[in-house]
Amino acid sequence: MATPHINAKVGDFAKTVLMPGDPLRAKFIAETYLTDAKLVNNVRGIQGYTGYYKGKKVSVMASGMGQPSIGIYSYELYNFFGVENIIRVGSCGGLDAELHVRDIVLAQAACTNGNYLAQYRLPGTFAPICDFKLLNLAVNECEKLGANYKVGNVLSSDTFYDDANSGLEWAKMGVLGVEMESAALYANAARLGKKALCICAVSDSLIYQYEDLTADERETSFTNLITVALETAILL
Ligand code: HPA
């Protein structure tokens, strides 16, 4: 059964899907961490793979960048392909003084400056939150790895290059990091009765602007992130 953006059959996806933004990351995760990984989608180059991690069926598919993009792919996975859990594995810009590049942010909730939530025509402001069970499992995995992590709010921004540099305004409210997808993912999960979590590696800091990652450091922080997501996935 094909949908407008996913050319796969029901059953091609595992009940849990890891979602990096980047299609090449999806390919890398499948080739590096999964056994017997098969390409199940490649519409618009949005690569999706299903394989096994420690003997459990897991999928990984790219989301593309931004709320409209993850909104489409997560909706189709949840609604047409029987997917129950989506764990976004992304990066964020740090907005918190305790967070440095390589650290991990578990997005308990997601604020947004975008318009995705307007479609629900709610008489107020919806607060997009992650699934508590997924969050709790991921926290345990961070502890096991000894990773430096924080749990809290993120900002899902529609702008990467923000003219008003408004990330720092959100930091005043204790928002930990800025990324571009979680609010739409959490809203879709809520609307469809499914589960979602976003785990981000801090790739740059809006507080410590001199901080940057070497290629090696980027790789290590990415390894931690994927390990947390996969170890969480096999417990679901
Ligand atoms: N803004 C938005 N998304 C991001 C950033 C950022 O600074 N860093 C990583 N993802």
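If you're wondering where the values come from, they're calculated on a predicted model, not measured in any experiment.

What counts, and where the lines are drawn
- Residues numbered from 1 in each chain as written.
- Predicted model: local features only at pLDDT ≥ 70, side-chain atom pairs only at ≥ 80, totals over all residues.
- Heavy atoms only, no water.
- 1 Å grid on protein atoms, 1.4 Å probe; cavity = no way out; pocket = protein on both sides within 12 Å on 5 of 7 lines; lining within 4 Å.
- Points joined across faces, edges and corners; volume = space filled by probe spheres on them.
- Helix = DSSP H or I, 4+ residues; strand = E, 2+ residues; numbered from the N terminus.
- Nonpolar A, V, L, I, M, F, W, Y, C, P; charged D, E, K, R; others polar.
- Patch = residues over 30% accessible without salt bridge, like charges linked within 9 Å, V, L, I, M, F, W, Y side chains within 5 Å.
- Areas by Shrake-Rupley, 256 points an atom, 1.4 Å probe, with all protein chains shown as cover.
- Salt bridge = Lys/Arg side-chain N within 4 Å of Asp/Glu carboxyl O.
- Lys, Arg positive; Asp, Glu negative; His and termini not counted.
- Charge placed at Lys NZ, Arg CZ, Asp CG, Glu CD.
- Near = heavy atom within 4 Å.
- Polar contact = N/O pair within 3.5 Å; in protein donor to acceptor, adjacent residues only side chain to side chain.
- Sits in = over half its atoms within 2 Å of the grid points.
- Buried < 20%, exposed > 50% of the residue type's maximum accessible area, 1.4 Å probe, protein only.
- Pairing = 2+ DSSP bridges.

What to know about the layout of surface pockets
Its boundaries defined by the atoms lining it, the largest pocket holds a volume of some 840 Å³. Of all the elements, strand β5 (residues 85-94) adds the most residues to the lining of the largest pocket, at six residues. Across the lining of the largest pocket, the residue classes tally to 15 nonpolar, 14 polar and eight charged. Here the second largest pocket is characterised by a volume of approximately 190 Å³. In this structure, the second largest pocket is lined by 13 residues; those nearest its centre are T112, L117, G124, T125 and F126. The residue makeup of the lining of the second largest pocket, split by class, is seven nonpolar, five polar and one charged.

A short note on a positive patch on the surface
Judged by side-chain charge, K15, K56, K133 and K195 come together as a positively charged surface patch. Relative to the assigned elements, K15 resides in the segment before β1 (16-19).

Re the site of the ligand
In the vicinity of the ligand, the residues found are S91, C92, G93, F160, V178, E179, M180, S203, D204 and L206. A distance of 3.2 Å separates a nitrogen atom of the ligand from a polar backbone atom of G93. Contact distances for the ligand include 2.9 Å between a nitrogen atom and a side-chain N or O atom of D204. Within the complex, the protein chains bury 88% of what would otherwise be the 260 Å² of accessible surface of the ligand. Here the ligand is seated within the largest pocket.

Quick notes on the pairing of strand β6 (residues 104-112)
Burial within β6 is extensive, with eight of its nine residues counted as buried. The pairing of β6 with strand β7 (residues 149-156) spans eight bridges and is classified as parallel. Bridge assignment links A109 to a residue of β7, and that residue is N153. The pairing of β6 with strand β9 (residues 195-205) spans four bridges and is antiparallel. Bridge pairing in β9 places A107 opposite C198.

Thoughts on the environment of N140
Locating N140 in the fold gives a position in helix α3 (residues 132-145). In this structure the C-alpha to C-alpha distance between N140 and F81, which are 59 residues apart in sequence, comes to 29 Å.

Considering the pairing of β9
Burial analysis of β9 places nine of its eleven residues in the buried class, the great majority of the element. Across ten bridges, β5 lies against β9 in parallel orientation. Residue N85 lies in a different strand from β9, and its bridge partner there is K195.

Details of the pattern of salt bridges
Following the criterion strictly, the structure yields eleven salt bridges and no others. E98 is the salt-bridge partner of K150, the closest N and O atoms lying 2.8 Å from each other. One end of the pair, K150, is in strand β7; the other, E98, is in the loop between β5 and β6, with 52 residues separating them in the sequence. A relative accessible area of 55% places E98 in the exposed class. Residues joined in a network through salt bridges with shared partners are R88, E179 and E181.

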